[in-house]
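Listed here are the chains, written in short residue letters.
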Amino acid sequence: FFFNDTATTEIYTEQIVGSVRCVQETVSTQSTWDGKTYKEFMCPFLIVQGGRDVVVDPKHAFRLVEESPLDKQDKHLLYYENMWHTSWFEEEIHDIMPEMIKWFESRL
């Protein structure tokens, strides 16, 4: 993603972005953000993160939750220490799905 105008930047700080990796790459690689960080991320989010993930460093999930100015109920991290990157194929998926559904239903 390349941001060359304010309107494009607002889309990624105020609306849903698909993954922590997308947010992390956007924040860390786009010079047009002029130093903006996760503190600008204003969209409610739910993160499912594995501690063994080698694709997305788990520290970015924790950092987004910590730095986002949203209220606690608008940001949630489901962290599984022994899970890898793709949660759909992990044993923990049976624990993850009910938690995800619970979070989404609380927002309806």
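The preceding data block contains the structure.
As the structure is a prediction and not an experimental result, all values here were calculated from the model.

Reading the values: rules and limits
Residues numbered from 1 in each chain as written. Predicted model: local features only at pLDDT ≥ 70, side-chain atom pairs only at ≥ 80, totals over all residues. Heavy atoms only, no water. Helix = DSSP H or I, 4+ residues; strand = E, 2+ residues; numbered from the N terminus. Buried < 20%, exposed > 50% of the residue type's maximum accessible area, 1.4 Å probe, protein only. Contact = heavy atoms within 4.5 Å. Areas by Shrake-Rupley, 256 points an atom, 1.4 Å probe, with all protein chains shown as cover. Pairing = 2+ DSSP bridges. Right-handed = clockwise from strand over helix to strand, strands pointing away.

(A) Region of interest: the overall build of the protein chain. If you tally the helices and strands in the protein chain, you get four helices and two strands. In the protein chain, the order of α-helices and β-strands from amino to carboxyl end is α-α-β-α-β-α. Each of the 108 residues in the protein chain was classed as buried or not, and the buried ones make up 38%. In the protein chain, the share of contacts with a sequence separation of at least 24, taken over all contacts with a separation of at least 6, comes to 64%. With the model as given, the accessible surface of the protein chain reaches about 7,100 Å², and the carbon-plus-sulfur share is 52%.

(B) Representation of the pairing of strand 1 (residues 45-50) within the structure. With five of six residues buried, strand 1 lies mostly within the body of the structure. Of the strand pairs in this sheet, strand 1 and strand 2 (residues 75-80) are connected by six bridges, and their pairing is parallel. Across the sheet, residue glycine 50 finds its bridge partner in strand 2, namely tyrosine 80. Of the crossover connections in this fold, the one passing from strand 1 over helix 3 (residues 58-67) to the parallel strand 2 is right-handed.

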